[in-house]
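Listed here are the chains, written in short residue letters.
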Amino acid sequence: MKRLIPSFCLLLFFSASIAQSIRLTESRQSASILESSSVLVDKPGLTVTIDSLLKHPDHYRFVPLGKESTNAPMNRERWVRFVVQTAVPTTVYVGTDLSLLAPVNLYQVEGNQLTGKHSLGPPHKELFWVKAQFKSTRIAEVTLQPSKRYTFYWQSSSLPASVRIIPSQELTTFFLMEDLFGGFYYGFALIIILYNLLLFAQLRDPDHLTYAVWVALLGVNYGILEGYFNEWMPAYFSLFKRHFLSITFLSSADHVLFALLFLQVSQRSRLLWRLGLAIIGALVVGALCNVFVTNQDSLFTLLCSFAGALLDLLFSVLAGIVAIRQGFKPGWYFLLGILLIWLGAGYAMGPFPYTFTKAYSVMLASIAEIVVFTLALSYKVNLLKKQRENAIDQQLALAQLNQQLIERQNRELEEKVEQRTTQLQESLTTLRATQSQLIQQEKLASLGELTAGIAHEIQNPLNFVNNFSEVSTELVDELKEGPFQKLPDTDKEYAEEILSDLTQNLQKITHHGGRASAIVKGMLEHSRIGTGEKQSTNLNAVAEEYLRLAYHGFKSKDKNFNCQLITGFATDLPTVSVVAQDIGRVLLNLYNNAFYAVSQRVMQAQSGYAPMVWVSTRKEPGRLLLCVRDNGTGISETIHDKIFQPFFTTKPTGDGTGLGLSLSYDIVTKGHGGSLTVESQEGEGTKFVIQLPALS
């Protein structure tokens, strides 16, 4: 709003000033110009140029600024004159900080001779590390010599709140402060916007959304006025500048809408609610109309902008007073925020020395207003939360009374039903367990008989295959030693080739016959599950005994095999009712698989690898756990579900039958009512966990 201030308010503060020369006594001295300036009396129809001013000075009358300037039309060109003298040679800047300022020409005169013409614009060079060309300050660089009297003429259609002589050091400091303050302001505004959008997303309260939009529009206004958008978005700055008044109208409309929602005007006064909606409609229409207005400096446009701001102020104050009178305490925060922003505007327009605080008093007041409004929203949220909590507490109290009555009436019935239900549940559980055991025993018996019969039927012809393959191998050997030697040399090569093929075929028959025999043997073992009687057994002793047995057995097959065995048996482990021979078979399978896995990883020749197998036991409520873990090759996650299926194996053909883990799984789960689980990571190792029910 800086471009809208001068004609209505600023010049009134200088009406008592007397034009006098400005004296600079040192190179770092700054001075305000308007207090020592005189303005040309406006005469309709009179064309004024710098040449006419210098040739015919007696035709024009300058008076101290403030006596005649307030009568000039809003968009009429103004001529302001001021005189500068300096005691030291220096280069200074004549300028003002107004990004929306109309074009300004500054003429430098010595005696009656024009010695320089300057156009006020952004600084044309880098000042230290500050990108000065993007700043809102409009300056002209002027070089002054000592003991000379310089007369300057300011030609423009607008007159800002302050025109100053600024040394370069002060200008650089001012730019740095402007950057720092601008970054703080927009960072603070962005935090407030994001915070309120987050609250809106969580609470769905339109107050927060309206408030976030208002803060955003306020930031856009200040970005245009202070020239920040010229730095951040230079390609679009002219567009923002063109629609500045429209954005101002929309900001006022959103502020009125925030007042309606925040102060809950619809619940307090229907008339005031309708008035607020009418003001919002008028401001939105004004914003749309300003889109098509080409002369943004016209008196009508200026009056419309002040009228919009005045409507916003009057309605907000009126709505705040009504809310406070009806006991709405957050209304005090609302009125305080409005008071702060208008105090800041008054300080900016007042006859006070030009400082950084005065230049940014409106933005400082805006920050204070945002803080106060944020506190008001927080207070309102807490107030509504407290009201809702009170209502919920009342509802809970009534619900508790009703619940107590219901509990008293149903307590006896529930106790009786619970007793009967417990009895029936125990009976049903016992019946199901017995039924399941009987069915499982029958299935296992039938399956065992079938498996044993099939295995025995296969075993006899398989024995013949194995025996005759061995005999045939011996016959081939005898043939090589006897008749083969009597053959002519021409036939020996062909006969030797045939005998070699026969030998290889017989070896394959012997190998696969042996594998088939192992499978049949595994099937026979599978059919004998559960044939022994369960006895109270020390699980630690069984685990340790079969660990040593399996290790020495595996080492006898591979003389170079070595592995570190680590045990962790629980000392307080109670005895468990198991068939010790069956559990031993399970442990042998698990141990042999672990030794095979670590031996395969040893063959990979990994640097720093040491094969290890861990065996541990522990007690948990209602069960005993036995864990067998290795750091071998591990099992792929894709085959975890198949690992306990019969005839499934991860070993190469001939190294395993695929019945060991299946047999172990049936022994633990079906024979002892426990569970067998596997945890493995390929390339890291495998862990098998046996869970057995503890003795009650």
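What you are looking at is a predicted structure, and each value in this text was computed from that prediction instead of being measured. (Residues numbered from 1 in each chain as written. Predicted model: local features only at pLDDT ≥ 70, side-chain atom pairs only at ≥ 80, totals over all residues. Heavy atoms only, no water.)

K.L.:
Tell me about a nonpolar patch on the surface, and please be specific about residues and values.
P.N.:
A cluster of nonpolar residues, L190, L194, L197, L209 and V213, forms a patch on the protein surface that exposes about 400 Å² of accessible area. The set of elements that each furnish at least two residues to the nonpolar patch consists of helix 2 (168-203) and helix 3 (206-225). If you tally residues by element for the nonpolar patch, the top one is helix 2, at three residues. Here V213 is to be found in helix 3. We classify V213 as partly exposed; its relative accessible area is 36%. (Patch = residues over 30% accessible without salt bridge, like charges linked within 9 Å, V, L, I, M, F, W, Y side chains within 5 Å. Areas by Shrake-Rupley, 256 points an atom, 1.4 Å probe, with all protein chains shown as cover. Salt bridge = Lys/Arg side-chain N within 4 Å of Asp/Glu carboxyl O. Helix = DSSP H or I, 4+ residues; strand = E, 2+ residues; numbered from the N terminus. Buried < 20%, exposed > 50% of the residue type's maximum accessible area, 1.4 Å probe, protein only.)

K.L.:
Break down the pairing of strand 17 (residues 675-681) for me, with residues and values.
P.N.:
Across the two faces of strand 17 the burial differs, with L676, V678 and S680 buried and S675, T677, E679 and Q681 not buried at all. From the end of strand 17 to the start of strand 18 (residues 685-693), which pair antiparallel, there are three residues, and G683 there has a positive phi angle of about 85°. (Pairing = 2+ DSSP bridges.)

K.L.:
Which residues make up a negative patch on the surface, and what are the values?
P.N.:
Taken together, the side chains of E407, E412, E414, E415 and E418 make up a negatively charged region of the molecular surface. Tracing the chain through its elements places E415 in helix 11 (residues 361-481). Looking at E415, the relative accessible area reads 45%, which means it is partly exposed. (Lys, Arg positive; Asp, Glu negative; His and termini not counted. Charge placed at Lys NZ, Arg CZ, Asp CG, Glu CD.)

K.L.:
Any chance you could break down the packing of aromatic side chains for me, citing the residues and the numbers?
P.N.:
Counting across every chain of the model gives 17 aromatic pairs. Consider the rings of F82 and F152, whose centres lie 5.4 Å apart with planes at 15°: the pair is stacked. Separated by 70 residues along the polypeptide, F82 in strand 5 (residues 78-86) and F152 in strand 10 (residues 149-156) bring together distant segments of the chain. Taken together, a centroid distance of 5.4 Å and an interplanar angle of 15° make the contact between F258 and F262 stacked. Of this pair, F258 and F262 both sit in helix 6 (residues 244-262), four residues apart, roughly one helical turn. Per residue, the accessibility class of F258 equals that of F262, and both read buried. Counting every residue linked through ring pairs, the aromatic cluster contains Y211, W214, F258, F262, F328 and F334. A cation over a ring is seen here: R204 above F200, with NZ or CZ 5.7 Å from the ring centre. (Phe/Tyr/Trp six-rings, centres within 6.5 Å; stacked < 30°, edge-to-face > 60°. Lys NZ or Arg CZ within 6 Å of the ring centre and 35° of its normal.)

K.L.:
Give me the lowdown on the sheet that holds strand 13 (residues 564-568), citing residues and values where you can.
P.N.:
In space, the five strands of this open sheet follow the order 13-15-16-18-17, with mixed pairing throughout. The sheet is open, and its two edges are formed by strand 13 and strand 17, each paired on a single side. Taken pair by pair, the neighbouring strands of this sheet meet at an average axis angle of 15°, ignoring direction. Both strand 15 (residues 612-620) and strand 16 (residues 623-630) contribute to a ladder of eight bridges, which runs antiparallel. In the strand pairing of strand 16, V613 is matched with D630. Packed on one face of the sheet, helix 14 (residues 539-557) meets strand 13, strand 15, strand 16 and strand 18 and runs near 175° to strand 13. Contacts from helix 15 (residues 580-603) reach strand 13, strand 15, strand 16 and strand 18 within the one sheet, and its direction differs from that of strand 16 by about 25°. (Axes fitted to C-alpha atoms, helices over the stretch in contact; angles between N-to-C directions. Contact = heavy atoms within 4.5 Å.)

K.L.:
Help me get a handle on helix 16 (residues 660-672), residues and values and all.
P.N.:
One turn of an α-helix holds 3.6 residues; hence residues three or four places apart share an orientation. Helix length check: helix 16 (13 residues) gives 17 Å between terminal C-alpha atoms against 18 Å at 1.5 Å per residue, within 8%. Regarding helix 16, the residues found buried are L661, S662, L663, S664, D666, I667, V668, T669 and H672. Immediately downstream of helix 16, the backbone of G673 shows phi near 65°, a positive value. (Expected span 1.5 Å × (residues − 1).)

K.L.:
Describe the packing of helix 14 against helix 15, listing the residues and the values that go with them.
P.N.:
The contact between helix 14 and helix 15 brings their axes to 9 Å, and the two run at 45°. The angle between helix 14 and helix 15 falls in the class oblique. Pair helix 14 / helix 15 crosses with right-handed handedness. The residues of helix 15 that touch helix 14, namely those facing L539, V542, A543, Y546, L547, L549, A550, Y551 and F554, are A580, Q581, I583, G584, L587, L588, Y591, N592, F595, Y596 and S599. The residue makeup of the contact of helix 14 with helix 15, split by class, is 16 nonpolar, four polar and no charged. (Parallel < 35°, antiparallel > 145°, perpendicular 65-115°, else oblique. Left-handed = near helix turned anticlockwise from the far one by under 90°. Nonpolar A, V, L, I, M, F, W, Y, C, P; charged D, E, K, R; others polar.)

K.L.:
Residues and numbers for unusual backbone geometry, please.
P.N.:
For S147, which is not a glycine, the phi torsion comes out positive at approximately 65°. Note on placement: S147 falls in the loop between strand 9 (137-144) and strand 10. A residue is classified by how much of its surface remains accessible, and S147, at 79% relative accessible area, is exposed. At Q264, a residue that is not glycine, the phi angle is positive and equals roughly 55°. Locating Q264 in the fold gives a position in the loop between helix 6 and helix 7 (270-291). Classification of Q264 by relative accessible area gives buried; the value is 17%.

K.L.:
Talk me through the pattern of salt bridges; I want residue IDs and the actual numbers.
P.N.:
Summed over all chains, the structure comprises five salt bridges. In this structure, D582 and R585 form a salt bridge, with 3.4 Å as the shortest nitrogen-oxygen distance. Pair noted here: D582 and R585 are both in helix 15, with a separation of three residues, about one helical turn. The same class applies to D582 and to R585, which are both buried.

K.L.:
Just give me the short version of the side chain of H208, but keep the residues and values in it.
P.N.:
The topology assignment puts H208 in helix 3. Discounting residues that sit within four places of it in the chain, H208 has contacts with N196, L199, F200, L203, L377 and V381.

K.L.:
Got a sec to walk through the packing of helix 3 against helix 6? Specific residues and values, please.
P.N.:
Where helix 3 contacts helix 6, the axes come no closer than 9 Å and their chain directions differ by 155°. On the basis of the axis angle, helix 3 is roughly antiparallel to helix 6. For the crossing formed where helix 3 meets helix 6, the hand is left-handed. Contact residues: P206, D207, T210, Y211, V213, W214, L217, L218, V220, N221, I224 and L225 in helix 3; F244, I247, T248, L250, S251, D254, H255, L257, F258, L261 and F262 in helix 6. Grouping the constituent residues of the contact of helix 3 with helix 6 by class yields 16 nonpolar, five polar and two charged.

K.L.:
Summarise the confidence of the model for the protein chain; cite the residues concerned and give the values.
P.N.:
The pLDDT averaged across the protein chain works out to 76; a share of 77% of its residues lies at or above 70. Segment residues 1-18: pLDDT under 50, and 52 contacts once partners within four positions in sequence are set aside and those in other chains are kept. Below pLDDT 50 for its whole length, residues 124-134 participates in 24 contacts with residues either more than four positions away or in separate chains. (pLDDT = per-residue confidence, 0-100.)

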